[in-house]
Amino acid sequence: ADAFGLEIFMPGVAKDAIEISLDQGELVVTGGRTWKKPEGWAEIFRESSAVDFRLRLDLNDAVNVDKINAKLEH
């Protein structure tokens, strides 16, 4: 009752490719996924490709920005 929760799924995005920022009441989460074929491989078919994720949320006055925290799993 006294907290908000946000869960974001970014499949295939490495930990070091995720950035979380807070600026003037806006929470921004970005990340990217790339794939490099191994040396010597000939690419015939690829089911997924490079993707950039970006989520922007405007936070209202009910959010205490001093108490925002984040954790990364998997």
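Above this text is the structure in question.
Now for a quick tour of the structure. Nothing here was measured: the structure is a model prediction, and the numbers come from that model.

1. Points about the overall build of the protein
Thought 1: Counting its secondary structure elements, the protein contains zero helices and three strands.
Thought 2: For the protein, the succession of helices and strands along the chain, N to C, is β-β-β.
Thought 3: At 17 Å, the protein has a C-alpha radius of gyration far larger than the 11 Å of a compact globule built from 74 residues.
Thought 4: Seen along its three principal axes, the alpha-carbon backbone of the protein occupies a region of about 55 × 20 × 20 Å.
Thought 5: Within the span of the protein, comprising 74 residues, buried residues form 14% of the whole.
Thought 6: Nonlocal contacts in the protein, meaning residues at least 24 apart in sequence, comprise 44% of its contacts between residues at least 6 apart.
Thought 7: Counting every atom, the protein has about 7000 Å² of accessible surface; 49% of that belongs to carbon and sulfur.
Thought 8: In the protein, 9 positive and 14 negative side-chain charges are present, and the distance between their average locations comes to 6 Å.

2. Some remarks on the sheet that holds strand β1 (residues 18-23)
Thought 1: Taken in spatial order, the three strands line up as β1-β2-β3 in an open sheet, and their pairing is antiparallel. The open sheet terminates on both sides in strands that have one partner only, identified here as β1 and β3 (51-58). For this sheet, the mean angle separating the axes of adjacent strands, direction not counted, is 10°.
Thought 2: In terms of strand pairing, β1 meets strand β2 (residues 26-33) through six bridges, oriented antiparallel. The partner of I20 across the bridge, within β2, is V29.

Rules behind the numbers
- Residues numbered from 1 in each chain as written.
- Predicted model: local features only at pLDDT ≥ 70, side-chain atom pairs only at ≥ 80, totals over all residues.
- Heavy atoms only, no water.
- Helix = DSSP H or I, 4+ residues; strand = E, 2+ residues; numbered from the N terminus.
- Rg over C-alpha atoms; globule rule 2.2 N^0.38 Å.
- Buried < 20%, exposed > 50% of the residue type's maximum accessible area, 1.4 Å probe, protein only.
- Contact = heavy atoms within 4.5 Å.
- Areas by Shrake-Rupley, 256 points an atom, 1.4 Å probe, with all protein chains shown as cover.
- Lys, Arg positive; Asp, Glu negative; His and termini not counted.
- Charge placed at Lys NZ, Arg CZ, Asp CG, Glu CD.
- Pairing = 2+ DSSP bridges.
- Axes fitted to C-alpha atoms, helices over the stretch in contact; angles between N-to-C directions.

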